[in-house]
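The chain contents come next:
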Amino acid sequence: MTDDIHTFSPIGHLRTPFADKFGIPRQPSLAPHAIATLQLLPPFDRPEAVRGLEDFSHVWLTFVFHQTAGQWSPTVRPPRLGGNQRMGVFATRSPFRPNPLGLSLVELASVDTTDKVTLTFRGVDLVDGTPILDIKPYIPYVESRPDARSGFVGGAPERLAVTFSPTALAQCAKCQASHPHLAELITEVLAQDPRPAYADDPQRVYGIRLYHFDVKWRCDGRSAFVESLDTP
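Residues numbered from 1 in each chain as written. Predicted model: local features only at pLDDT ≥ 70, side-chain atom pairs only at ≥ 80, totals over all residues. Heavy atoms only, no water.

### With respect to the overall build of the protein chain
- If you tally the helices and strands in the protein chain, you get three helices and twelve strands.
- Here the C-alpha atoms of the protein chain give a radius of gyration of 19 Å, agreeing with the 17 Å that 2.2 N^0.38 yields for 232 residues.
- Each of the three principal axes of the protein chain carries a C-alpha extent, and together these read 60 × 45 × 35 Å.
- For the protein chain, with 232 residues in total, the buried portion stands at 37%.
- Within the protein chain, contacts between residues separated by at least 24 positions form 69% of all contacts whose residues are at least 6 apart in sequence. (Helix = DSSP H or I, 4+ residues; strand = E, 2+ residues; numbered from the N terminus. Rg over C-alpha atoms; globule rule 2.2 N^0.38 Å. Buried < 20%, exposed > 50% of the residue type's maximum accessible area, 1.4 Å probe, protein only. Contact = heavy atoms within 4.5 Å.)

Dropping the structure here:
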């Protein structure tokens, strides 16, 4: 009998701005300033393993939903349906899967082989520390399907307008040297309206952790207002 148990070893762990699941864009490329790095682990950290990869603009990341492993459900409530309707897990991109594997299409920003192998990506939608199992180049002529049907997922969702308090703007400016695109990242993340579907209190203050910042913000359903950036 064929052994159906397969074991995989991560080739590395992704370092991203997203310390928690809350606030992570629900799809890749929605936050172009979400920049991540991946340092390959031995024995995969050989320059010849990425030879030619720099000629591709985008790659597929195969990863593990490590924070939800073992929590699969046959039906889930997709955020795009307001959390009020159940769909089969295989008709969604939910992390609550029988095998907690995911695919993410990201922009490849750089390939550095001067000290081991470090890859930099833009537009990531993964939590910090996500195990990466594989990398494959994106090939547009076979993988781009503009006429494909997308089921219950229509076009891109409407985006919130995002404004900053004077305090938040000053805090972003103060961090310019270490995090030059922090304000852009916050704007891109909050524009997606990461609130739970049931949340509708315009006075409620939410917190999203980006890097080591705790971003405090409110939302009235049409716009998001950044109050402050707290640090530990």
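### Re the sheet that holds strand β1 (residues 12-15)
- On the basis of which strands lie adjacent, the closed barrel formed by six strands has the order β1-β2-β7-β6-β3-β8 and antiparallel pairing. If you compare each strand with its neighbour and ignore which way they point, the axes differ by 45 degrees on average.
- Pairing of strand β3 (residues 58-64) with strand β6 (residues 101-112) involves seven bridges; the strand directions are antiparallel. Note that in β6 the partner of threonine 62 across the bridge is leucine 103. (Pairing = 2+ DSSP bridges. Axes fitted to C-alpha atoms, helices over the stretch in contact; angles between N-to-C directions.)

### Focus: the sheet that holds strand β11 (residues 213-219)
- Taking strand neighbours across the sheet as the criterion, the four strands line up as β9-β12-β11-β10 in an open arrangement whose pairing is mixed. In the strand order of this sheet, the two ends are held by β9 (161-164) and β10 (206-210), each with one partner. Taken over all neighbouring pairs, the strand axes of this sheet differ in orientation by 35 degrees on average, direction set aside.
- Judged from the six bridges that link them, β11 and strand β12 (residues 223-230) form a sheet pairing that is antiparallel.

### A short note on unusual backbone geometry
- Cis geometry marks the peptide bond from proline 42 to proline 43, where omega comes out at 5 degrees.
- Positionally, proline 43 belongs in the loop between β2 (35-39) and β3.
- Here serine 29, not a glycine, exhibits a phi torsion of approximately 75 degrees, which is positive.
- Checked against the element boundaries, serine 29 lands in the loop between β1 and β2.
- The phi dihedral of lysine 116 is positive, around 60 degrees, even though this residue is not glycine.
- Note on placement: lysine 116 falls in the loop between β6 and β7 (118-122).

### Side note on the packing of aromatic side chains
- Going through the model one piece at a time under the given rule, you end up with four aromatic pairs.
- Geometrically, the ring pair formed by phenylalanine 22 and tyrosine 206 is tilted, given 6.5 Å between the ring centres and 40 degrees between the ring planes. Highlighted residues: phenylalanine 22 in the loop between β1 and β2 and tyrosine 206 in strand β10, separated in sequence by 184 residues.
- Seen from their ring centres, tryptophan 60 and tyrosine 138 are 6.1 Å apart, and the 65 degrees between their planes marks the pair as edge-to-face. Linking tryptophan 60 in strand β3 with tyrosine 138 in the loop between β8 (131-137) and α1 (140-143), this pair joins segments that are 78 residues apart in sequence. (Phe/Tyr/Trp six-rings, centres within 6.5 Å; stacked < 30°, edge-to-face > 60°.)

### Remarks on the nonpolar core
- Counting residues in hydrophobic clusters, the biggest one holds 48 residues, and the most contacted among them are Phe121, Ile135 and Ile186.
- Domain assignment of the residues forming this core places at least three in each of domain 1 (12-151) and domain 2 (158-230).
- Those residues in contact with isoleucine 135, other than ones at most four positions away along the chain, are Ile11, Leu38, Leu40, Leu53, Val59, Trp60, Leu61 and Leu119. (Core = buried A, V, L, I, M, F, W, Y, C linked by side-chain atoms within 4.5 Å. Domains from an automatic or database assignment.)

### Some words on the environment of tyrosine 198
- Relative to the assigned elements, tyrosine 198 resides in the loop between α3 (182-191) and β10.
- A relative accessible area of 66% means that tyrosine 198 is categorised as exposed.
- For the pair tyrosine 198 and glycine 82, spaced 116 residues apart in sequence, the C-alpha separation works out to 8.0 Å.

### Considerations on the pairing of β6
- Inspection of the sheet shows β6 paired to β7 by five bridges, in the antiparallel sense. What sits directly across from serine 110, in β7, is threonine 120.
- Hairpin connection of β6 to β7: five residues between the antiparallel strands, including lysine 116 at a positive phi of 60 degrees.

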